[in-house]
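# Fold and contact review
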Amino acid sequence: MASIAYSSAAFTGTSASDLLRSSSNGVSDIPLKTLGKAPFSVKKRDATVVAKLKKGKKHDYPWPADPDPNVKGGVLTHLSHFKPLKEKQKPVTLDFEKPLVEIEKKMIDVRRMANETGLDFSDQIILLENKYQQALKDLYTHLTPIQRVHIARHPNRPTFLDHIFSITDKFVELHGDRSGYDDPAIVTGIGTIDDRRYMFIGQQKGRNTKENIHRNFGMPTPHGYRKALRMMYYADHHGFPIVTFIDTPGAYADLKSEELGQGEAIAHNLRTMFGLKVPIVSIVIGEGGSGGALAIGCANKLLMLENAVFYVASPEACAAILWKTAKASPKAAEKLRITAPELCRLQICDGIIPEPLGGAHADPAWTSQQIKAAINETMDELTAMDTEKLLKHRTHKFRKLGGFEENAQVDPKKKVNMKKEDQIVRTTPNEELEGEVDKLKQRILKAKESSSKPPEMALKDMIEKLKKEVDHEYSEAIKATGLKDRLDMLREEVSKVNSRDQLMNPVIRDKIEKLKDEFNQKLSAAPNHPTLQYKLDMLKEFSKAKSLSDAATLKEEVNKKFNEIMSRPEINEKLEALKAEVQNSGSSSFADLDQGLKDKVLNMRKEVELEMISALKSIGLVVEGVKSNAKVLSEKDSPSVFKNKVDHLNEEINKKIENVVSSSELKNMIELLKLEIARAGNKPDTESKSKIEAIQKQIKQRLSEAIMSSELKEKYEDLKEKNSEVEESSAGADESLQKETKYEEPRLEINLGANSSFAQCM
């Protein structure tokens, strides 16, 4: 930058031509007209020229003097500041990936041992590699929403420009918003993919701390959105399809950005993108946060990488608002439905681009090729539409979100996940409740004195009312003891287990027991404990009264049915004939009867039992089994049949064990046990012994859990009971025939348990 110092004089009334200077004779700053009138004796003055050069930053563009012609994208790639990193990024291990790191360390140790000793450990290395791949597959095919959030934020995840230089043949970056600033958090440019020209707009994060500071951690300012808007107008004018890449935690929300119109810039982009006449495809490659992501995301098609997330508020912010703590972010991530599969089900996302196991940072080149294929496929579909159809397609995509119909039938599958309407429990004052209880007690006492039935409807209504009152008092007691949050979290864990039709985890069972014990200890200190105890005692008392009433009614009905069966003429005639035959035989016990008469007795008893079972079913009772007073060995309980059942149970147990052993988890544990035994050798140390014992214990526990499943356990208990009956059958055969054939007045013993709600109150 140069500056020249000179002196000048102002002459009023002189023309422009008079201000011409003469430098040929060393005269300056004097008008020629004045010079002609004056005598030519002017003293020569010195003129000085001072030049200063400002030292600026050296850039390597338009391009270097010797650009490499083999660089993909040609010499234009040299125009970008985005260069390969001089140092390789350090690997970052997420919390849930720590088991994989342990396996990697074991592989490194085995390889080092092989190099140091010269021994062949190839089998162990292959085993560990297979175990690592299986663990990696199991981990990344069952990711939780919060784990996908952490992968989307991974510091080594490939950025927008990483993908651009991998998928484009040529790319030139365009800068500036024509308002005075070039926001580095948003990068725009024109590039070609398979000789098709596109306008690329994307949010750029940094690959290290220095770049993140320069790029403002991928959070654009209003200048960035206005730059993107300028490029959208440019692409619309020239007919370039637009591809946007979304990867930002949100728009930059500092005071300066708000003063410069952050909200207005985002809103302007939203309105403009709906009217652009070229196809638009948006791809979420990391995290898409709030309006900052949507400002370049109003597209015909929204695609997401497999482990990307798209949300209106981050899980941490949502947890801080709803649960008052950021530690509830895993729960918030699950409830927000922010992952690619969830958003596809909600029809917000139009497609999922696969990632390699381990995330996009595990193989960025492969991920970029998947993005390239998705862009080509989607653009083939969109470019086939005319302008009017394209605009309607884009409008319909957003208009259908959140649509609803009044009085429409709700799909049962969706209804399961809908929030249930909160029922307002109106508690009855203690004085009023005591009055109602006393009145009902008096009615029950009067019914007993007059040998009439107690008031069943009033009793039932009182029990239902007391149940609601007790449930409400328990809820208030849980709140008072400060255990409500823990109870809610435990309920969610249990509901997840029940929804997957799995056995309850022992850890969850322990949590339930601990919570119950802690609640019982703190219950006496709750302010409403006396009220709760009073209502609970009343509930137990009335439930017992209702059980006795139901039992008496049921007994009368069963006896009536039995008398009806025994009074039938055909049954009565057969029974009398059988009695006569038994008396004529002269036998004193069932064992003394001949085989034919034994069969007649058994058939008669079986006929009566079948008639009784059908009669009980007609009144809504389910007969689980018929137990005789005598132990008689039937054909079904013969030793040969019993032995076949035992053999069949053994086969089921062996098959269950084989299934467990063939599972990948147990196979890995067995191989690990072999490896530890091989390492220990003939003289294992204490640490090796403890490891081997721990693995053996885990294997035994898995087998024990498989064998002691509920189904096999029930079959075993059933066979055990039948075995005891077979052993005692000889004693039962010695009972007298009179006892076998004698019919006393029918009796029914009923043990009515409390219903589930009452059991919970107990």
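- For the protein, an unreviewed UniProt entry supplies the name acetyl-CoA carboxytransferase and the organism Gossypium anomalum.
- Looking at the protein in UniProt, the text filed under Pathway (unreviewed entry) is "Lipid metabolism; malonyl-CoA biosynthesis; malonyl-CoA from acetyl-CoA: step 1/1."
- Annotation of the protein in UniProt includes, under Catalytic activity (unreviewed entry), the sentence "N(6)-carboxybiotinyl-L-lysyl-[protein] + acetyl-CoA = N(6)-biotinyl-L-lysyl-[protein] + malonyl-CoA".

## Comments concerning the overall build of the protein
- Per the secondary structure count, the protein includes 29 helices and 8 strands.
- The 762 residues of the protein split such that 34% are buried.
- Looking at the protein alone, contacts between residues at least 24 apart form 71% of all its contacts between residues at least 6 apart.
- A total of about 48,600 Å² of accessible surface is found on the protein, and carbon and sulfur atoms cover 53% of it.

## Let's talk about the pairing of strand 1 (residues 170–174)
- Burial along strand 1 is one-sided: F171 and E173 are buried, while K170, V172 and L174, pointing the other way, are not.
- Of the pairings in the sheet, the one linking strand 1 to strand 2 (residues 186–193) comprises 5 bridges and is antiparallel in character. From the neighbouring strand, E173 faces strand 2, where its bridge partner is G189.

## Observations regarding the pairing of strand 4 (residues 242–248)
- In terms of burial, strand 4 is largely enclosed, as 7 of its 7 residues are buried.
- Every second residue of strand 4 is oriented toward a common face, with I242, T244, I246 and T248 on one face and V243, F245 and D247 on the other, all of them buried.
- As paired strands, strand 3 (residues 196–203) and strand 4 are joined by 4 bridges and run parallel to one another. Bridge assignment links M199 to a residue of strand 4, and that residue is I242.
- Sheet analysis places strand 4 next to strand 5 (residues 280–289), joined by 6 bridges and oriented parallel. Across the sheet, the residue bridging to I242 is I280, located in strand 5.

## Regarding the confidence of the model for the protein
- In the predicted model, the protein carries a mean pLDDT of 76, and the fraction of residues at 70 or more is 72%.
- Confidence over residues 629–636 falls short of pLDDT 50; this stretch has 18 contacts with residues more than four positions distant or in other chains.
- Below pLDDT 50 for its whole length, residues 729–762 participates in 51 contacts with residues either more than four positions away or in separate chains.

## Considering the packing of helix 7 (residues 222–238) against helix 9 (residues 262–275)
- It is at 9 Å that the axes of helix 7 and helix 9 come closest, and there the two elements cross at 20°. By the angle between their axes, helix 7 is roughly parallel relative to helix 9. Between helix 7 and helix 9 lies a crossing whose hand is left-handed. Every residue of helix 9 that contacts helix 7 at P222, Y225, R226, A228, L229, M232 and Y233 is listed here: Q262, E264, A265, I266, H268, N269, T272 and M273.

## What to know about the packing of helix 5 (residues 160–167) against helix 14 (residues 364–383)
- At a closest axis distance of 9 Å, the pairing of helix 5 and helix 14 adopts a crossing angle of 70°. When the axes of helix 5 and helix 14 are compared, the pair comes out roughly perpendicular. Residue-level inspection shows D162, H163, S166 and I167 of helix 5 in contact with helix 14, the latter providing T367, S368, Q369, I371, K372 and I375.
- Among the residues making up the contact of helix 5 with helix 14, the classes are represented as 3 nonpolar, 5 polar and 2 charged.

## Some points on the packing of aromatic side chains
- Under the counting rule described, the total for this entry stands at 9 aromatic pairs.
- Considering the side-chain rings of F274 and F398, the 5.2 Å spacing of their centres and the 80° angle between planes classify their relative orientation as edge-to-face. Of this pair, F274 sits in helix 9 while F398 sits in helix 15 (residues 387–399); the two residues are 124 residues apart in sequence, bridging distant segments of the chain.
- Residue F398 is classed as partly exposed on the basis of its relative accessible area, which comes to 22%.
- Put simply, the rings of F160, F165, F171, Y198, F200 and F245 pair up and form one aromatic cluster.
- Taking the ring centre of F398 as reference, the NZ or CZ of K397 above it sits at 5.7 Å.

## Thoughts on the environment of S166
- Mapped onto the elements, S166 comes out in helix 5.
- For S166, a relative accessible area of 24% gives the class partly exposed.
- In the structure, S166 is positioned 198 residues away from P364 in sequence and 9.0 Å away in space, judged by C-alpha atoms.
- Within the structure, the side chain of S166 is placed 2.9 Å from the backbone oxygen of D162, a separation counted as a polar contact.

## Some words on helix 4 (residues 145–152)
- Counting buried positions along helix 4 gives 6 out of 8 residues, so the element sits mostly inside the fold.
- Regarding helix 4, the residues found buried are I146, Q147, R148, V149, I151 and A152.
- In the core, the buried residues of helix 4 are packed alongside helix 3 (122–140), strand 5, strand 7 (309–311), helix 11 (315–322) and helix 12 (329–336).

## A short note on the pattern of salt bridges
- A complete count under the given rule lists 26 salt bridges for this structure.
- Close ionic contact of E264 with R226 constitutes a salt bridge, the shortest N to O distance being 3.1 Å. Taken together, the residues span a long stretch of sequence, with E264 in helix 9 and R226 in helix 7 at a distance of 38 residues.
- The closest approach of N and O atoms between E464 and K467, which form a salt bridge, is 3.8 Å. Taken together, the residues E464 and K467, both in helix 18 (residues 456–481) and 3 residues apart, mark about one turn of the helix.
- Residue E464 is classed as partly exposed on the basis of its relative accessible area of 39%.

## Re unusual backbone geometry
- With a phi angle near 60°, K324 is a residue other than glycine that sits in the positive phi range.
- With respect to the helices and strands, K324 occurs in the loop between helix 11 and helix 12.
- Residue K324 is classed as exposed on the basis of its relative accessible area of 69%.
- Positive phi values are uncommon outside glycine, yet R337 reaches one of about 60°.
- Relative to the helices and strands, R337 is located in the loop between helix 12 and helix 13 (340–345).
- The exposure class of R337 is partly exposed, given its relative accessible area of 31%.

## Observations concerning the side chain of N376
- Looking at where N376 falls in the secondary structure, it is placed in helix 14.
- For N376, a relative accessible area of 15% puts it in the buried group.

## Some thoughts on the nonpolar core
- If you look at the biggest cluster of nonpolar residues, it comprises 56 residues, and the most contacted ones within it are F200, I201, I242, F245, I283 and I375.
- Sequence-distant contacts of I283, that is, excluding residues within four places in its chain, are made with V243, T244, F245, I246, L303, I353, I371 and I375.

## Here's the deal with the side chain of T159
- Mapping T159 onto the fold places it in the loop between helix 4 and helix 5.
- The class for T159 is buried, based on a relative accessible area of 3%.
- Reaching out from T159, the side chain makes a polar contact with the side chain of D162 at a distance of 2.9 Å.

## Side note on helix 2 (residues 98–117)
- End to end, helix 2 covers 29 Å across 20 residues, agreeing with the expected 28 Å (1.5 Å per residue, within 8%).
- Three or more residues of helix 2 are buried, namely L100, I103, M107, V110 and A114. Projected down its long axis, helix 2 carries its buried residues within an arc of 85°, all on one side. Exposed positions of helix 2 whose direction lies more than 90 degrees from the buried face are E102, K105, I108, N115 and E116.
- In the stretch just after helix 2, G118 is the one whose phi turns positive, near 80°.

Parameters at a glance
- Residues numbered from 1 in each chain as written.
- Predicted model: local features only at pLDDT ≥ 70, side-chain atom pairs only at ≥ 80, totals over all residues.
- Heavy atoms only, no water.
- UniProt positions renumbered as here; feature names shortened; annotations may be inferred.
- Helix = DSSP H or I, 4+ residues; strand = E, 2+ residues; numbered from the N terminus.
- Buried < 20%, exposed > 50% of the residue type's maximum accessible area, 1.4 Å probe, protein only.
- Contact = heavy atoms within 4.5 Å.
- Areas by Shrake-Rupley, 256 points an atom, 1.4 Å probe, with all protein chains shown as cover.
- Pairing = 2+ DSSP bridges.
- pLDDT = per-residue confidence, 0-100.
- Axes fitted to C-alpha atoms, helices over the stretch in contact; angles between N-to-C directions.
- Parallel < 35°, antiparallel > 145°, perpendicular 65-115°, else oblique.
- Left-handed = near helix turned anticlockwise from the far one by under 90°.
- Nonpolar A, V, L, I, M, F, W, Y, C, P; charged D, E, K, R; others polar.
- Phe/Tyr/Trp six-rings, centres within 6.5 Å; stacked < 30°, edge-to-face > 60°.
- Lys NZ or Arg CZ within 6 Å of the ring centre and 35° of its normal.
- Polar contact = N/O pair within 3.5 Å; in protein donor to acceptor, adjacent residues only side chain to side chain.
- Salt bridge = Lys/Arg side-chain N within 4 Å of Asp/Glu carboxyl O.
- Core = buried A, V, L, I, M, F, W, Y, C linked by side-chain atoms within 4.5 Å.
- Expected span 1.5 Å × (residues − 1).
- Arc of directions from axis to C-beta.

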